[in-house]
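Architecture at a glance
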Amino acid sequence: MPRSLPRALLAEARPKQWIKNLLVFAAPAAAGVLDEPAAFGQATAAFGCFCLAASGTYFLNDAADVEADRLHPKKRFRPIAAGEIDLTLARVLGVGAIVASVLLALLVNWHLAVTVGAYVALTTTYSLWMKHVAVLDVVGVAAGFVLRAIGGAAAVDVPISDWFFIVASFGSLLMVVGKRRAETEEMGEAAAEFRPTLGMYPKEFLTQLQTVSTAVVLVGYCLWAFEKAALSSASVPWFELSIVPFGVAILRYVLLLDTGHGGAPEDVIVSDRPMQVVGAIWLVLFAIGVYAT
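Residues numbered from 1 in each chain as written. Predicted model: local features only at pLDDT ≥ 70, side-chain atom pairs only at ≥ 80, totals over all residues. Heavy atoms only, no water.

Topic: the environment of L93
Relative to the assigned elements, L93 resides in helix 5 (residues 87-108). Overall, the relative accessible area of 34% leaves L93 in the partly exposed class. A sequence separation of 14 residues divides L93 from P79, and the C-alpha atoms of the two residues are 14 Å apart. Not counting the four nearest positions on each side in its chain, L93 is found in contact with L9 and F59. (Helix = DSSP H or I, 4+ residues; strand = E, 2+ residues; numbered from the N terminus. Buried < 20%, exposed > 50% of the residue type's maximum accessible area, 1.4 Å probe, protein only. Contact = heavy atoms within 4.5 Å.)

So this is what it looks like as structure tokens:
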């Protein structure tokens, strides 16, 4: 049954995907400033800017990929592919949301505006070129996640640890590679018709890339935790203890990828109870280390 235009527009904006923009809170939280009202407000504003920018790019990308999406077993139900939103309207709304995101970011500070602008430039470059080039397509999507994390730091004006940057970068790459593997397995021989680069990836290559990303994330987080612990005066090794649930969460996620559940990382996070439990344990331990010591 066709959706009404307001419902179709909301669905096209993909509010479920906004969970990815929570990455803007990562750097301020790790820096221990998220309990300050001003910093929390700035991070929240950054979250809103990235939600606007992301939704704008969804409108533009889906308008550009409408024919390819109609070949996909799931994406053909997206409002634009299903013909529920006019292509001209989709493009106008997409451009409007992107412009609004940069202007709102400028109200916070110019650093955030530059970061949001870089995110928009990246997603545009990805749509026009990078998604057609093997390896660059996964790197481009992963870079979008990293820019979200940088955006949070830029909004609040806090430095980013080298190890934090490495964990964010390879953690993002892990999610993107998992999604590509899921798409390849789900669509089979038709995968290359939907996304040409999928036909360029041998299964072994994606598996190796997933293995490398997992290893770097685990080692990077351990080193970051020890770096944080060296700066702490707490008698309890909160940061070191947080390594255990973090490692379990990553291994659980890799297991889900290998069993065909990585097509939508946001669905994994909100639907897998073991992931939620160990994630909550990690969050508590890390938060105590940052804010209670």
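Observations concerning a nonpolar patch on the surface
A contiguous nonpolar surface patch, about 210 Å² in accessible area, is contributed by L5, L89 and L93. Inspection of the secondary structure assignment puts L89 in helix 5. (Patch = residues over 30% accessible without salt bridge, like charges linked within 9 Å, V, L, I, M, F, W, Y side chains within 5 Å. Areas by Shrake-Rupley, 256 points an atom, 1.4 Å probe, with all protein chains shown as cover. Salt bridge = Lys/Arg side-chain N within 4 Å of Asp/Glu carboxyl O.)

Some details on the packing of helix 10 (residues 203-230) against helix 13 (residues 273-291)
Close contact between helix 10 and helix 13 brings their axes to 11 Å; oriented N to C, the two are set at 30 degrees. Between helix 10 and helix 13, the crossing angle belongs to the class labelled roughly parallel. You can see that helix 10 and helix 13 cross each other, and the crossing is left-handed. The residues of helix 13 that touch helix 10, namely those facing Y221, W224 and K228, are W282, F286 and V290. Considered class by class, the residues forming the contact of helix 10 with helix 13 number 5 nonpolar, no polar and 1 charged. (Axes fitted to C-alpha atoms, helices over the stretch in contact; angles between N-to-C directions. Parallel < 35°, antiparallel > 145°, perpendicular 65-115°, else oblique. Left-handed = near helix turned anticlockwise from the far one by under 90°. Nonpolar A, V, L, I, M, F, W, Y, C, P; charged D, E, K, R; others polar.)

Observations concerning the pattern of salt bridges
This model, assessed by the stated rule, comprises 7 salt bridges. Note that R14 is salt-bridged to E12, the shortest N-O span being 3.8 Å. Put simply, R252 and D272 hold a salt bridge, and the shortest N to O gap is 2.8 Å. Here the residue R252 occupies a position in helix 11 (residues 238-258), and D272 occupies one in the loop between helix 12 (265-271) and helix 13, the gap between them amounting to 20 residues. One continuous salt-bridge network, built from bridges that share partners, spans E12, R14, D62 and R78.

What about the confidence of the model for the protein?
Low pLDDT means the predicted coordinates in that region are not meant to be read closely. Taken over all residues, the pLDDT of the protein has a mean of 88, while the share at 70 or more is 94%. Confidence scores differ between elements of the protein, with helix 9 (residues 191-194) showing the lowest mean pLDDT of 60 and helix 5 the highest of 94. (pLDDT = per-residue confidence, 0-100.)

Remarks on the packing of aromatic side chains
If you walk through the whole model with that rule in mind, you get 11 aromatic pairs. When the ring of Y221 is compared with that of F246, the centres are 3.9 Å apart and the planes differ by 10 degrees; the resulting orientation is stacked. Here the residue Y221 occupies a position in helix 10, and F246 occupies one in helix 11, the gap between them amounting to 25 residues. Of the two residues, Y221 and F246, neither departs from the other in class, the shared state being buried. Through a chain of ring-to-ring contacts, three or more aromatic side chains come together here, namely F164, Y221, W224, F239, F246, W282 and F286. One Lys or Arg, R14, reaches over the ring of Y58 and ends 4.2 Å from the middle of that ring. One residue, R148, lies across the ring of F145, its end atom 5.1 Å from the ring centre. (Phe/Tyr/Trp six-rings, centres within 6.5 Å; stacked < 30°, edge-to-face > 60°. Lys NZ or Arg CZ within 6 Å of the ring centre and 35° of its normal.)

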